[in-house]
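Chain residues, written in single-letter form:
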Amino acid sequence: MTSSSGRIFALSLLRRFHLVDAQNRRARLFDLKIAQQEDADNSALKTTQSATSEDEFDHPPVTHILFHDAEKKLRALEWKEVESVERKAKEIRVRDIEAGVVTNPESLAKDVLLERDVLDAMILDLENRRATRANDLLLKEIDGQLRLEAVDTGFGAIIRRLTRGKYMGLRGAQHISDWKHVEFLRGDAADAHAGAGYNRRIARLPPGEIATLSNLLPYLHAAELLTLLPDPLAADTLEAMSPERQLQIFEELDEAQGLQLLTLMAPDNAADLIGRLQPQNAKRFLERLPQPQRDRLIELLRYPETTVGGIMTNDVAFLPENITVAEARARLREVFQSSDFVYLIYVVADTESRRLRGVVSLRQLVVSDDNCALKQIMDPYVSTLHALSSANEAAYRVISSHLAAMPVVGDDRRLLGVVTVDAAVAQVAPATWSAQAPRVFT
Amino acid sequence: MSESRTDVTNTSPLTLPPDVSKAAGASGLEPLTSDEIRSVTNRPITRSHSVRMSVRGRSVRLRGMRRQPTGLMRLLLILGPGLVAASAGNDAGGIATYASAGAKYGYDLIWVMIIVTVSLAVVQEMCARLGAATGRGLLDLIRERFGIGWALFAVTVILLANFGLVVSEFVGVGAAVELFGVNKYFVIPLAALVLWYLVIFSSYDKVEKIFLSMTLVFFAYPIAAFMAHPKLGAVARGAFIPTIRSDPDYLFILVGLLGTTITPYMQLFQQSSLVEKGVARRHYGAERVDTYVGVVFSNLMSIFMIIATAATLYVSGSRDIDTAADAAKALEPVAGHAAQALFGVGLLGASLLAGAVLPLATAYAISEVFGAPKGVNLDFRRARFLHDLHCAHRARRRSRADSESSGRQTSALGASPKRRAAARYTCLHNAAHQRQTLDGRTRQHAHI
């Protein structure tokens, strides 16, 4: 291709171009197929922070031009056959139009076609943190290759399309989102398993933001989005969603993924989710969960929803009182691998009885002398909650205490779990706000 | 302190209490008895949402698992968008058409309502199914399947039609309150304000409950119909023996009945509200029941309107009925003040319900076409576009067109249009990059 670089074409205008070959045979452009990012290794690379800024698939190249020949057969012509793109004549000059291969439309089902799949589709604009419509697509000519550069989400793009470029040409391109910051979803979680054609930059956002963005999507798209994420991030994202949305999306995931997410979720959240499933499904998931998670969830699910036990988490870090600070630190290295709530460490008489003696903050444990006994630095005056008290009253107590969490004990002061301030706020917040309540500590 | 409380709290979290383990081996999902629920805690738990189940041989009782209610309670819990959408179709214009049909042609047109019930059920159910299967509104799907051109055409028609309809609903409210001697200039703004407040500041669940309770006013029509002492034989004949006349007025009313019973905003609201309610395809069965119940209820009420006017106005010869208020006024000398009052209450409720649903359906539609966040649950910050549209539609003002001043701004960037376009594009890119850099502190986790 001999044309100059840097020109920008709007898809809405480009699709009105004709293909013209050396013998002056003509065909109307039908659609453009872009390259897809195929392998998972590349996807994994892009989710890391060290990924290069200019990736091959940040702006995927157009690989094929689709058109109908004189016999109305769909043909796919490779882009390398293109000699030039003539904007004024509205022509794409190609060497030989007959070089286009007759293609079955079904064989294109897994490919990404710009007009069929992307134009007008719901997309996630990660830079502006919004879900919006692709009103037009902008393609840039770089070294003879046409690349998908950006999405125009503005009203001007609609005017441009309706007036065939007469008004609001590229000057109307006000709301442009760079394609590398766009996550394009198809609405099918199975596609996400196949792994092709996704930017996956969504995985660089914190889970709360992903959950907020996914709330703007239809639930099938949100399930697809969750499938794109690494499992730990997907579990955190699921936790940040409203209970109704959680259930809606969870039921769209395949069972293996659902099980994996339940394993990774904080026990209180996982218990709430299981509690909302149909009993038969809940039973199936509980039976397939690994032993420690299963036992934790069953323990939480035994408490009614209106009690403290119903809102507590039982995945907490605790240490016996008769050890030194140095020993405590060494033990915590192992405990923290799996614990959900780690900001306060509870000191118990012994790990068998788990009778609560006091509490130590992470800061105290870090700044204290190695040889100091744990019981010397702990605060022995701990406010506690009873597992069967009212959840609402307990939630107000936790919030007014300004603590990250308050421990939950049985009658014999056995440590059963903690109610974090997050869970407390979510408990008493109005229904329309509880889903947005921050979840920092669990 | 009760013994049962000690029982639970003294037990190791990973060990089951004795009363639970003795039931090990049971394989079913048996609901807890009320005695068992009370025994868990030291205070009565009113919600018995728990069942006993066997997990890997251990019998445990777990909270949260809902037992499905049965009978009438189950039906009442199922009712939602389907009933609201169908009932909203019986608006002021609809009541006028049904009253006119009854007053002019007696029971002769009831058969049309039976046929149109089937058509409406098919259309409404299809929309409900689309909503549950895709999680998307009707205009959302039109935009993706048929493109922006058809979507804009559809939304423009909807906007114009609904604009007129909203006006007619508030005219209906005014006419209804005037029947009771209340000043319409006071009630209409008040009604608009209350409905606006409801949609803007309430959650979807609350709005749905209020809409559902508003459908109760339609029971005024069967009572009015029975008070008019219709001839049951004539009603049955009108319902099951189709009559076709070449009279242009007859055909006009027949078409009017079809048009007023199947109106686009019913489909828009049905699908979008179902999506907002969060109905997934796996739980669609209940929504289908809701849809069918809604359609049958709404058209049954329409039939009662026809019967009420046929048994009174048609018989007495008062056949010039143009509005629902005319029908109510004409009813008084024939069927008494109570019948008129019931008709008026029905008109008020129907107009208010349609007046609430219409702007919402319109706002849903426009938001879907332009990809803006939508939802009654979202506040102004998160769904500004939807709420702006809703307010604008309710205030019956035309929303201001988006001012596009980009041409003037970019004209300074270069002489040739192509260069201007390229410069504009580069400029936007740079601006986006700068915004991202400046905003780095708040987006430090994003690394985009």
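These numbers come from a predicted model, not from an experiment.

Definitions and cut-offs
Residues numbered from 1 in each chain as written. Chains lettered and ligands numbered in written order. Predicted model: local features only at pLDDT ≥ 70, side-chain atom pairs only at ≥ 80, totals over all residues. Heavy atoms only, no water. Axes fitted to C-alpha atoms, helices over the stretch in contact; angles between N-to-C directions. Helix = DSSP H or I, 4+ residues; strand = E, 2+ residues; numbered from the N terminus. Parallel < 35°, antiparallel > 145°, perpendicular 65-115°, else oblique. Left-handed = near helix turned anticlockwise from the far one by under 90°. Contact = heavy atoms within 4.5 Å. Nonpolar A, V, L, I, M, F, W, Y, C, P; charged D, E, K, R; others polar. Buried < 20%, exposed > 50% of the residue type's maximum accessible area, 1.4 Å probe, protein only. pLDDT = per-residue confidence, 0-100. Pairing = 2+ DSSP bridges.

Novice: For the packing of helix H5 (residues 81-88) of chain B against helix H15 (residues 284-316) of chain B, give the residues involved together with the corresponding values.
Specialist: All names here are of chain B. Packing of H5 against H15 brings their axes to within 7 Å, and their N-to-C directions diverge by 25 degrees. One finds that H5 runs roughly parallel with respect to H15. You can see that H5 and H15 cross each other, and the crossing is right-handed. Contact residues: Pro81, Gly82, Leu83, Ala86 and Ser87 in H5; Glu287, Asp290, Thr291, Gly294, Val295, Phe297 and Ser298 in H15. Here the contact of H5 with H15 is composed, by residue class, of 5 nonpolar, 5 polar and 2 charged.

Novice: Any chance you could break down helix H11 (residues 267-276) of chain A for me, citing the residues and the numbers?
Specialist: The buried count for H11(A) comes to 8 of 10 residues, which makes it a mostly enclosed element. Along H11(A), the residues classified as buried are Pro267(A), Asp268(A), Asn269(A), Ala270(A), Ala271(A), Leu273(A), Ile274(A) and Gly275(A).

Novice: Explain unusual backbone geometry to me, using residue names and the numbers behind them.
Specialist: The residue His402(A) is not glycine, and still its phi comes out positive at about 60 degrees. Relative to the helices and strands, His402(A) is located in the loop between helix H18 (391-401) and strand E20 (405-409). Relative accessible area serves as the criterion here: at 71%, His402(A) is assigned to the exposed category. For His229(B), which is not glycine, the phi torsion reads 50 degrees and is therefore positive.

Novice: Can you explain the confidence of the model for chain A? Please cite residues and give values.
Specialist: Chain-level pLDDT for chain A is 85 on average; 89% of the residues reach the 70-or-more range. This model gives residues 39-53 of chain A a pLDDT under 50, and the stretch forms 24 contacts once residues within four places in sequence are excluded.

Novice: Go over the sheet that holds strand E21 (residues 415-420) of chain A with me, naming the residues and quoting the values.
Specialist: All names here are of chain A. The strand order E19-E20-E21 describes an open sheet built from 3 strands, whose pairing is mixed. Each edge of the open sheet is held by one strand with a lone partner, namely strand E19 (385-386) and E21. As judged from the 2 bridges shared by E19 and E20, these two strands associate in the parallel manner. From the neighbouring strand, leucine 385 faces E20, where its bridge partner is valine 408. Along the sheet face, helix H19 (residues 421-428) touches E20 and E21 and points at about 60 degrees away from the line of E21.

Novice: Account for the environment of Lys166(A), with residues named and values stated.
Specialist: Residues and elements named next belong to chain A. The residue lysine 166 is located in the loop between helix H4 (155-162) and strand E14 (176-178) in this model. Judged by relative accessible area, which is 67%, lysine 166 ranks as exposed. Once the C-alpha coordinates of lysine 166 and leucine 13 are considered, the two residues, 153 residues apart in sequence, prove to be 10.0 Å apart.

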